[in-house]
Amino acid sequence: MKKYIFTSLLFVLIFTSCNKSNISSTEERLDQRVDSVIKLMTLEEKIGQMVLYTSDWDVTGPTLKSGYLDDIRSGNCGNIFNAHTAKYTRKLQKIAVEESRLGIPLLFGYDVIHGHKTIFPISLGESASWDMVAIEKSARVSAIEAAASGINWTFAPMCDISVEPRWGRVSEGAGEDPYLGSLIAVARVHGFQGNDLSDSLSILACVKHFAAYGAPLAGRDYNTVDMSKRVFLDTYLPPYKAAIDAGAMSVMSSFNELDGIPASGSKYLLTDLLRTELGFKGFVVTDYTSINEMVNHGIVANEVDAGLLAIKAGVDMDMQGEVYFKYLKNQVNEGLLDVKLIDESVRRILKVKFMLDLFDDPYKYCNEEREKRLVYAPEHLEAALDVAKKSMVLLKNENNVLPLQKGEKIVVIGELAASTRDLLGSWKAAGDWDFMKSTIDEIKLYNGESNVIYTEGCKKMGEDRSGFPAAIALARRADKIVMVIGEDWEWSGEAASRTSIKIPGVQTELLEKLKTLNKPVIVVLMNGRPLDLSKESTLADAILEAWYPGTMGGKAITQVLFGDYNPSGKLTMTFPRTLGQVPIFYYEKNTGRPLYLENPKYKSRYIDCPNDPLYPFGFGLSYSTFVYSDIKLSTSELTENGNLEASVNVTNTGGVDGEEVVQCYIRDLVGSVTRPVKELKGFEKIYLKAGESKVITFKITPDMLAFHRLDMTYGTEPGDFKLFIGGNSRDVKETNFALSVQ
Ligand code: BGC
């Protein structure tokens, strides 16, 4: 009772102190409220706000270690992650608000990456939709469900550019392109945070993993990252920056080192760049125990020094490492650490708690009635179905074997066709799969039980071929063969790097045998990374890349296979012919010896494989065909303050309505430093009825041509440029223009 009275007093104090003063801006008012709390805090309580502990949960529901409950009560723990449900978070929040001395509310973090309960396609899949409205909607629905289940902070969006398919975490990102990646980062931040962080349907976004985590050496997770500063600034930084500019109020420091300094100890990254240059105003949390890991990195001798390095670099919150908890207090008392740094961090964290309106309404996310109403709401499932369909990429469709016709006799083969868990992919948050329908269930529902036979044929992993004969026998009786193959869901995501990007096990071997039956073979892929499909692409008549498509994935696959939805997805990562080509990406440089096929000797090439990928960035087919006219320019001379319009006429020459992603690329032909052969500068996803044409116009302004020049300043250089427009990064129309200075 006594404690509760004290807590109430704190609220009165914060409230009245703000009302009395004559404060003009909201920002100042916020600062005053924060300061009024900080004034009351002991050093221990301040450090308590700077730690984040995971709950220790099992399948029957989340439970916290009793020690952590005491930490919340004593003010030694201000933030929890991996605890959810309105009921459970209310229980913990009650301890913080009503039993701790100051009653400061908790942040509840969770990896709501592509859905909370209703799971959307994995992020890489979503990116292939090139549909910012759909992507924002996915993040919005995720926020609404998470917020209804007690979560007020998601560890997303993941903004790591990557050209490394060996790295399992490409599944969590938006692919290889900085421009597209930036737009997607913005859409996700807007979706999570809404228009107003204080809205009870909004949750705090966290930009991760800062920085350059997507470029680990040899594709091995957590490995060293080393790249030139120019590449970092021009290619890897833009999506993080875009997310911060969009208002994300937390950033997660990454596990990797960059240029010899682990991110969680890098003052350059976390203070000079993030705060001074990018103007970030929120707080920085580490990745899981990444302060402690700086000892292994070899940048400090022990955890005591690691904590000091981290806080001086700009880390505000220690995720799970207990380093801040154990050592900061003594370091202040011994004069090794200025308490002002601690105050700064606490100020940033409390400010966000105020922005979330947690002080005034600490239980706003803990409403069981709302949770019941919103989790798995029909409109959320509808949105998940919509995004899943939009994310699928048709890679091949020889002789238009797709779409399937209703009533056709089909055999469906592959363990993945019957799996529900795999549909969700990694980071499925609180998503359940026991009530979901598998791909085969949905195909049967759609096409009629009697027209569909299912047999496993083989597992997704392992060498067992015992199911081959039955699969072949059943396939003989079918009109068409659909084989669902790919990777186990655990083969992508964190700690899931591979040294091969081939389809695992004996799945391809069975496909080879099925091919000999001379029947149309359709492959549906479930995977979280670009794969080497060189063999499968010769065996299959059609290939549909379905990724891990989420809760509604089985239905989405079915609707696309049967043509209820005309596929419109385009790859956001290059699919190589072989792992030997990796890293391979469309924005490569030209080299001094570019390959021209008529005279290949002593050119930059492989002697055993072409240079180009199997499926380039931006590639994806449709059940329609789209024809592009030549490009028309409004002027071929772009002036410093002017703009130029580039137009093409796109016609749907197919027999069905469909969507096309019209893409615009630019090449700067001569620069003070060499420039990529193509860079995406714009795109538009259009819908064209069969036979319809549309003129699509891209407006080019000089700022779109800026880069980090020889002297590292950011800006443009006059000269000649190429402009390309097409349906992928390879098949384009091109023209030239010049940028002039007056
Ligand atoms: C991952 C982060 C994640 C964190 C909390 C780490 O292992 O790298 O992406 O947000 O765990 O679950």
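It should be emphasised that the depicted structure is a prediction, and the values quoted were computed from it without experimental measurement. Numbers given for residues are sequential positions, taken from 1 along each chain in its written order. Restriction of local features to residues with pLDDT of at least 70 applies here, the model being predicted, together with a cutoff of 80 or more for giving and counting side-chain atom pairs; totals for whole chains, interfaces and linings are based on all residues. As a rule here, side-chain values come from all non-hydrogen atoms in the structure, and water together with hydrogens is ignored.

**As for the overall build of the protein**
Cut-off, in case you're wondering: Helix and strand definitions follow DSSP, with helices as H or I runs of at least four residues and strands as E runs of at least two, each counted in order from the N terminus. It is over C-alpha atoms that the radius of gyration is taken, and the globule rule equals 2.2 Å times the number of residues to the power 0.38. Residues count as neighbours in contact if any of their non-hydrogen atoms are within 4.5 Å of one another. A residue counts as positive if it is Lys or Arg and as negative if it is Asp or Glu; His and the chain ends are not included. Taken as the charge location is NZ of Lys, CZ of Arg, CG of Asp or CD of Glu.
In terms of regular secondary structure, the protein is built from 23 helices and 29 strands. For the protein, the C-alpha radius of gyration of 27 Å lies close to 27 Å, the compact-globule estimate for 742 residues. Its C-alpha atoms give the protein principal-axis dimensions of roughly 80 × 70 × 50 Å. Contacts in the protein between residues far apart in sequence, at least 24 positions, make up 78% of those at least 6 positions apart. Side-chain charges in the protein split into 83 positive and 97 negative, and the spacing between the mean points of these groups amounts to 1 Å.

**As for the sheet that holds strand 24 (residues 679-688)**
This is how it is decided: Two strands are said to pair when DSSP picks up at least two bridges between them. Angular values range over 0 to 180 degrees, each being the angle between N-to-C directions of two axes fitted as lines to C-alpha atoms, with helices fitted over their stretch in contact.
Taken in spatial order, the five strands make up an open sheet running 21-29-28-23-24, and their pairing is mixed. Unpaired on one side and paired on the other, strand 21 (637-639) and strand 24 mark the two borders of the sheet. In this sheet, adjacent strand axes meet at a mean angle of 25° when their direction is disregarded. In this structure, strand 23 (residues 658-668) lies alongside strand 24, joined through nine bridges in antiparallel fashion. Across the sheet, Q663 pairs through a bridge with F683, a residue of strand 24.

**Some thoughts on the site of the ligand**
For the record, the criterion: We call a residue near a given molecule or strand whenever any one of its heavy atoms falls within 4 Å of it. Polar contacts, as counted here, are pairs of nitrogen or oxygen atoms within 3.5 Å of one another; within protein the pair requires one atom able to donate a hydrogen and one able to accept it, and residues that are adjacent in sequence qualify only if both atoms are side-chain atoms. Throughout, the Shrake-Rupley method with a 1.4 Å probe supplies accessible areas, and for residues the shown protein chains are the sole cover considered. Under the scheme applied here, ten amino acids are nonpolar (Ala, Val, Leu, Ile, Met, Phe, Trp, Tyr, Cys and Pro), four are charged (Asp, Glu, Lys and Arg), and all others, including Gly, are polar.
Close contacts around the ligand come from 13 residues, with D111, R169, K208, H209 and D287 the closest. Between the ligand and H209 there is a distance of 2.7 Å, counted from an oxygen atom to a side-chain nitrogen or oxygen. Notes on the ligand: free accessible area 310 Å², of which the protein chains cover 94%. Here the shell around the ligand is built from residues that sort into seven nonpolar, one polar and five charged.

**Considerations on the side chain of S264**
Let me state the cut-off plainly: Relative accessibility under 20% of the residue-type maximum defines a buried residue, over 50% an exposed one, and the middle range a partly exposed one, all with a 1.4 Å probe and only protein chains included.
With respect to the element layout, S264 can be found in the loop between strand 10 (261-262) and helix 10 (267-277). Residue class for S264 comes out buried when judged on its relative accessible area of 1%. Among the polar contacts made by the side chain of S264, one reaches the side chain of S253 at a distance of 2.8 Å. In terms of polar contacts, S264 uses its side chain to reach the side chain of S290, at 2.7 Å. If we ignore the near neighbours within four places in the chain, the residues touching S264 are S253, S254, L270, T286, S290, M294, A310, A313 and V315.

**Quick notes on the pairing of strand 17 (residues 521-526)**
Note the cut-off: Looking down the strands as they point away from the viewer, one classifies a crossover as right-handed if the path from the first strand across the helix to the second runs clockwise.
Within strand 17, six of the six residues are buried, leaving the element largely enclosed by the surrounding structure. Here strand 17 shows no split at all, with V521, V523 and L525 on one side and I522, V524 and M526 on the other all buried. Relative to strand 17, strand 16 (residues 480-486) runs parallel, the two sharing six bridges. Within the sheet, the bridge partner assigned to V482 lies in strand 17 and is I522. Read from strand 16 through helix 21 (residues 507-515) to strand 17, the crossover connection turns out right-handed.

**Concerning the side chain of S55**
Within the fold, S55 resides in the loop between strand 1 (51-54) and strand 2 (56-58). At 2.6 Å, the side chain of S55 and the backbone oxygen of N82 are in polar contact.

**Remarks on the domain arrangement of the protein**
Put simply, the test is: Segmentation of the chain into domains, including their bounds, is taken from an automatic or database domain assignment. Take the accessible area each of two parts loses on contact, using a 1.4 Å probe, and add the two losses: that sum is the buried area. Every case where a carboxyl oxygen of Asp or Glu lies within 4 Å of a side-chain nitrogen of Lys or Arg is listed as a salt bridge.
Under the domain assignment, the protein is made up of domain 1 (1-40), domain 2 (59-370), domain 3 (389-581) and domain 4 (626-740). Relative to domain 3, the C-alpha centre of domain 2 lies at a distance of 34 Å. Counting the surface domain 2 buries against domain 3, the share from its top three residues, I119, P165 and R166, is 20%. Across the pair E494 and R169 runs a salt bridge whose closest N-O atoms are separated by 3.7 Å. Applying the counting criterion to the domain 2 and domain 3 interface returns 27 residue pairs in polar contact (both at pLDDT 80 or more).

**Quick word on the sheet that holds strand 6 (residues 153-154)**
Here five strands make up an open sheet; going across it, the order is 6-5-4-1-12 and the pairing parallel. For this open sheet the edge positions go to strand 6 and strand 12 (318-319), each flanked by a neighbour on one side alone. Inspection of the sheet shows strand 1 paired to strand 12 by two bridges, in the parallel sense. Opposite L52, over in strand 12, you have M319 as the bridge partner.

**Topic: the nonpolar core**
Keep this limit in mind: We define a nonpolar core as any set of buried Ala, Val, Leu, Ile, Met, Phe, Trp, Tyr and Cys residues linked to one another through side-chain atoms lying within 4.5 Å.
Within the largest apolar cluster, 122 residues are counted, with the highest numbers of intra-cluster contacts made by W153, F210, F232, Y324 and I342. When near neighbours in sequence (up to four residues on either side) are disregarded, Y324 contacts I47, M50, V51, I291, G307, A310, I311, V315, D316, M317 and D318. Among the nonpolar cores identified, the runner-up in size contains 87 residues, and I481, L517, F562 and Y623 belong to it.

**Regarding the packing of aromatic side chains**
Formally: Between rings of Phe, Tyr and Trp, where Trp is taken as its six-membered ring, a pair exists when centres lie within 6.5 Å; planes separated by under 30 degrees are stacked, by over 60 edge-to-face, and by other angles tilted.
What the rule picks out here adds up to 23 aromatic pairs. Between F81 and Y288, the ring centres sit 5.7 Å apart and the planes meet at 75°, which makes this aromatic pair edge-to-face. Within this pair, whereas F81 is found in strand 4 (residues 79-81), its partner Y288 is found in the loop between strand 11 (283-286) and helix 11 (294-297), the two being separated by 207 residues in sequence. Plain terms: the ring middles of Y179 and F683 are 6.3 Å apart, the flat faces sit at 80° to each other, and that makes the pair edge-to-face. Taken together, the residues span a long stretch of sequence, with Y179 in helix 8 (residues 178-193) and F683 in strand 24 at a distance of 504 residues. The exposure class of F683 is buried, given its relative accessible area of 16%. Each member of the aromatic cluster is reached from another via a ring pair, and the members are W130, Y179, F585, Y586, Y587, F617, Y665 and F683.

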